[in-house]
Amino acid sequence: MRMNRKYLLLLAGVLALTGCSTGSSDEKNPSTSATSTIAPQGTDVSSAPSEFETSTKTEPTAPAVWETTAPAKIRNSLSDEQVWLETEALIGKGELIFTGAENEGFYPDDLDWLRNSSADDILAIVYSCDDRDHAGWGVLGLNFGAGQQDIAAYADKPEKKRLISITVGDMCQQAHADSPKDLSSFSLGAWNGGHIHGVYMLRGNDALSLSAYLEQVEKDKGIIHTYNGSLSNPDAIPEAAAVYDYLKDVWAGDNCITGQMESTWMGSPDYEMNYIYDCTGRYPAIRGLDFMHNDFAGVVKRAKEWWEKGGIVTICWHTGSDFATGYNECLKTELDWENAFTPGTKEYDKLLSDMDRAVPFLQQLEDAGVPVLWRPFHELDGGWFWWSRGGSEYFVHLWQLMYSRYVDYWGLDNLIWVLGYSHNGGDLGAWYPGDNYVDLIGGDSYDKGANKSLYEDVSKVAAPQMPIVFHECGTIPTEDQMVKAGTDWLFFMVWHTDYITDEKNNTKKSLDEIYNSDYFITLDELPSFTE
């Protein structure tokens, strides 16, 4: 539990106590230092639009001292180097089938090494990505008669050697083969810098030893959860607590809440909302907004209006590392990660000052009693946005820093913190900031259907009973798809413009069926959160 806002994180303490090391999505849109004696500071208006000067009615307050403590332990510490050394030793006991160079695939004609295996034998593939430009994108393609499985490099140190292991029995099951002798094909492609360091077949006791070791490592690296069903911020305003209680109740039941992202350049910021209403006679329950390009005043205005209509508000922030730009800068700007987390440096002071740009406007929403599903740094593990390119350790520190800065320092008590993964896969747990910093967890995917694999990946990271959300999608999964797949998404949020209006993504008929289904909750079906 967080012990009031005078406690918790400042990165100086985190770096000293945790020993931090130093070191795409398609475009969906057009076009003071904090020391132990810091004085309250306002938003830097020198590089922001004039709205900063005209629309900030409430100056946020901050304590004279921002105390530093280490965050709660997230997971047990294991040395990656030692784990890999032991893993390589176990793999080395197997039969080496193939080793290649960058972008060299494996397309064997002779499959006796596979067909003469038993169900418990293990195929182990060691790979990396030699081209950092393709971090986050598929670098290998595995096919054994069950359709190609894309294997990604991941944004977190793509050049690091990684292991994919699969039992022969699982291969048979996926390929609908009765036995290994019935496996008729195998290929392992490599591209985008993909490097196959070795393909090994482990049999008998060697396979059992590897399997047991990997299972134990997974247990030892497991996240330490402390979530008890309450908001991470014990000082949350009543409206935020009411919304959160409702979200938990919905997730515990058999419903899904509707959501829609807005655009602001289609003649009206209600372009998508009006389209949905024209098709269905209803509005989405959740409205998605974006602080992109410093649209702070506009977002505050529309968020208040949506809340007054009885709706729920979620806000993201497409911005460069200066926290003052837009989508393109998300992809192109960088952060000096080491200096940005070193108190006393100009990079550290700038990071805090830049991050503070949103504070007065989130404070305006708190003053109006408007809770916000706050989802900064979304698609955090994707590798295409700057906030993930520093790797998982730095991302965790960035998230914790913003949380402490906003909650413990500025006293923003209307935020419900939403952590959003990409569909990229990989070790999602390494990117998790801890239960003290997260209220909702979810992911983004523009693949059609219920996205079962994404849901399962996120579920493995989520604390028990923490609601899981589908907070960006292109096509709404149907009730039937979600029920059959077992994907209990709390809510969906469709992206804006063509993603909702183009019938190749969502037909008018499907929208009408979804928005008028008893399974999906719309704006008119939300309870009052202020009574």
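Numbering of residues starts from 1 in each chain and follows the order in which that chain's sequence is written. Only residues with pLDDT of at least 70 get local features here, since the model is predicted, and only at 80 or more are side-chain atom pairs given and counted; chain-wide, interface and lining totals rely on the full set of residues. For side-chain calculations, the full set of non-hydrogen atoms in the structure is used, while hydrogens and water are omitted.

## Quick notes on the overall build of the protein chain
The line we're drawing: Only DSSP runs of H or I covering at least 4 residues are called helices, and only runs of E covering at least 2 are called strands; the numbering of each starts at the N terminus. Exposure categories follow from relative accessible area, calculated using a 1.4 Å probe and restricted to protein chains: below 20% of the type maximum is buried, above 50% is exposed, and the middle band is partly exposed. A 1.4 Å probe and the Shrake-Rupley method give the accessible areas. Residues count as covered only by the protein chains that appear here.
From N to C terminus, the protein chain includes 18 helices and 17 strands. For the protein chain, with 531 residues in total, the buried portion stands at 56%. As presented, the protein chain carries roughly 21400 Å² of accessible surface, and 47% of it is formed by carbon and sulfur atoms.

## Examining the environment of Glu262
Defined as follows: Contacts are assigned to residue pairs that have any heavy atoms within 4.5 Å of one another. Residues adjacent in sequence count toward polar contacts only when both atoms are side-chain atoms; beyond that, a polar contact is any pair of N or O atoms within 3.5 Å, and within protein one must be able to donate a hydrogen and the other to accept it.
As for its position among the elements, Glu262 is in the loop between β9 (259-261) and α8 (271-280). If sequence neighbours within four positions are ignored, Glu262 has contacts with Pro269, Glu272, Met273, Arg287, Gly288, Leu289, Arg302 and His496. In this structure the side chain of Glu262 is engaged in a polar contact, spanning 2.8 Å, whose partner is the side chain of Arg287.

## Some points on the packing of aromatic side chains
Rules: Only Phe, Tyr and Trp rings take part, Trp by its six-membered ring, and two of them pair if their centres are within 6.5 Å. Stacked means planes under 30 degrees apart, edge-to-face means over 60, and tilted covers everything else.
Taken as a whole and assessed by the stated rule, the structure comprises 41 aromatic pairs. Geometrically, the ring pair formed by Tyr246 and Phe529 is edge-to-face, given 5.5 Å between the ring centres and 65° between the ring planes. One end of the pair, Tyr246, is in helix α7 (residues 238-252); the other, Phe529, is in the segment after β17 (520-521), with 283 residues separating them in the sequence.

## A closer look at the pattern of salt bridges
Note the cut-off: Each salt bridge in this description consists of a side-chain nitrogen of Lys or Arg and a carboxyl oxygen of Asp or Glu lying within 4 Å of one another.
This model, assessed by the stated rule, comprises 19 salt bridges. Among the salt bridges present, the one from Lys221 reaches Asp427, with a minimum N-O distance of 4.0 Å. With a gap of 206 residues between them, Lys221 in the loop between α6 (204-220) and α7 and Asp427 in the loop between β13 (415-421) and β14 (440-445) connect regions that are remote in the sequence. When its relative accessible area of 32% is taken as the criterion, Lys221 is described as partly exposed. What makes Asp427 partly exposed here is its relative accessible area of 42%. As a salt-bridge pair, Lys301 and Glu305 come within 2.7 Å of each other at their nearest N and O atoms.

## Some points on a negative patch on the surface
Here is the rule: In this analysis, a patch consists of residues with relative accessible area above 30% that form no salt bridge, clustered at 9 Å for like charges and at 5 Å for the nonpolar side chains Val, Leu, Ile, Met, Phe, Trp and Tyr. Under this rule, positive means Lys or Arg and negative means Asp or Glu; His and the chain ends count for nothing. For the purpose of locating charges, the reference atoms are NZ of Lys, CZ of Arg, CG of Asp and CD of Glu.
There is a patch of like negative charges on the surface, built from Asp254, Glu479, Asp518 and Glu525. In this structure, Glu479 sits in helix α16 (residues 479-485). Residue classification places Glu479 among the partly exposed residues on the basis of a relative accessible area of 34%.

## Some words on the sheet that holds strand β4 (residues 149-152)
Here is the rule: A strand pair is defined by DSSP finding two or more bridges across the two strands. The axes used here are C-alpha line fits, helices contributing only the stretch in contact, and every angle between their N-to-C directions lies in the interval 0 to 180 degrees.
Taking strand neighbours across the sheet as the criterion, the three strands line up as β4-β3-β6 in an open arrangement whose pairing is antiparallel. Of all the strands in the sheet, just β4 and β6 (187-190) have a single pairing partner and so form its edges. Each strand of the sheet is rotated relative to its neighbour by a mean of 20°, with strand direction disregarded. In this structure, strand β3 (residues 138-143) lies alongside β6, joined through four bridges in antiparallel fashion.

## Considering the sheet that holds strand β7 (residues 194-202)
In space, the four strands of this open sheet follow the order β1-β7-β2-β5, with antiparallel pairing throughout. The open sheet terminates on both sides in strands that have one partner only, identified here as β1 (95-98) and β5 (162-167). Adjacent strand axes in the sheet meet at a mean angle of 25° when their direction is disregarded. Relative to β7, β1 is paired through three bridges, and the arrangement is antiparallel. Across the sheet, residue Leu96 finds its bridge partner in β7, namely Tyr200. Set on the sheet, helix α3 (residues 80-91) makes contact with β2 (122-129), β5 and β7; between it and β5 the angle comes to about 45°. Strands in contact with α6 are β2, β5 and β7; relative to β7, the strand with the most contacts, it is inclined by about 125°.

## Description of the nonpolar core
Side chains of a nonpolar character, in soluble globular proteins, are inclined to be buried together. Rule in force here: Put simply, buried Ala, Val, Leu, Ile, Met, Phe, Trp, Tyr and Cys residues joined by side-chain atoms within 4.5 Å make one nonpolar core.
Ranked by size, the top nonpolar core spans 117 residues in total, and within it Trp374 and Tyr406 carry the most contacts. When residues in this core are grouped by element, the largest group, eleven residues, is from helix α14 (residues 392-409). With 32 residues, the next largest nonpolar core counts Leu123, Ile125, Ala153 and Leu183 among its residues.

## Remarks on α3
Note: α-helices contain 3.6 residues per turn, so residues at a spacing of three or four share the same orientation. Definition in use: Expected span, for any helix, means 1.5 Å times one less than how many residues it has. The arc refers to the directions leading from the helix axis to the C-beta atoms.
Across its twelve residues, α3 extends 16 Å between first and last C-alpha, which sits within 8% of the 16 Å expected from 1.5 Å per residue. Among the residues of α3, those classed as buried are Val83, Trp84, Thr87, Leu90 and Ile91. The buried residues of α3 all sit within an arc of 125° when viewed along its axis, so they share a single face. Counted as exposed and oriented over 90 degrees from the buried face of α3: Glu81 and Leu85.

## Looking at helix α15 (residues 452-461)
Those residues of α15 lying buried are Leu454, Tyr455, Val458 and Val461. Here the buried residues of α15 occupy an arc of 120° about the axis, which is enough to place them on one side. Opposite the packed face of α15, turned more than 90 degrees from it, sit the exposed residues Ser453 and Lys460.

## Thoughts on the confidence of the model for the protein chain
Worth spelling out the cut-off: Values of pLDDT, which run from 0 to 100, indicate the predictor's confidence residue by residue.
Confidence along the protein chain averages 87 in pLDDT terms, with 86% of residues attaining 70 or more. Considering only residues more than four positions removed or in separate chains, one finds that residues 1-57, a stretch of pLDDT under 50, has 156 contacts.

## What about the pairing of β2?
Of all eight residues making up β2, eight are buried, and the element is well covered by its neighbours. By the alternation rule, side chains of β2 split into Ile122, Ala124, Val126 and Ser128 and Leu123, Ile125, Tyr127 and Cys129, which are all buried. In this sheet, β5 lies alongside β2 in antiparallel orientation, the contact comprising six bridges. Among the inter-strand pairings, Leu123 is bridged to a residue of β5, identified as Ile166. Summarising the sheet, β2 and β7 pair through eight bridges and their orientation is antiparallel.

## Points about the pairing of β4
With four bridges connecting them, β3 and β4 associate as antiparallel partners. Each bridged residue has a counterpart across the sheet, and for Leu142 the counterpart in β4 is Gln149. Here β3 folds back onto β4, and the loop between the two strands holds five residues, one of which, Gly145, carries a positive phi near 95°.

## Quick look at the packing of α3 against α6
Rule in force here: Between 65 and 115 degrees an angle is taken as roughly perpendicular, under 35 as roughly parallel, over 145 as roughly antiparallel, and anywhere else as oblique. Note: crossing handedness is left-handed where the near helix turns anticlockwise from the far helix by less than a right angle, and right-handed where it turns clockwise. Under the scheme applied here, ten amino acids are nonpolar (Ala, Val, Leu, Ile, Met, Phe, Trp, Tyr, Cys and Pro), four are charged (Asp, Glu, Lys and Arg), and all others, including Gly, are polar.
Here α3 crosses α6 at 165°, and the two axes come no closer than 9 Å. As summarised for this structure, α3 and α6 are arranged roughly antiparallel, according to the angle between their axes. As α3 runs across α6, the sense of the crossing is left-handed. In contact with Gln82, Val83, Glu86, Thr87, Leu90 and Ile91 of α3, α6 contributes Ser209, Leu210, Tyr213, Leu214 and Val217. A breakdown of the residues in the contact of α3 with α6 according to their chemical character gives seven nonpolar, three polar and one charged.

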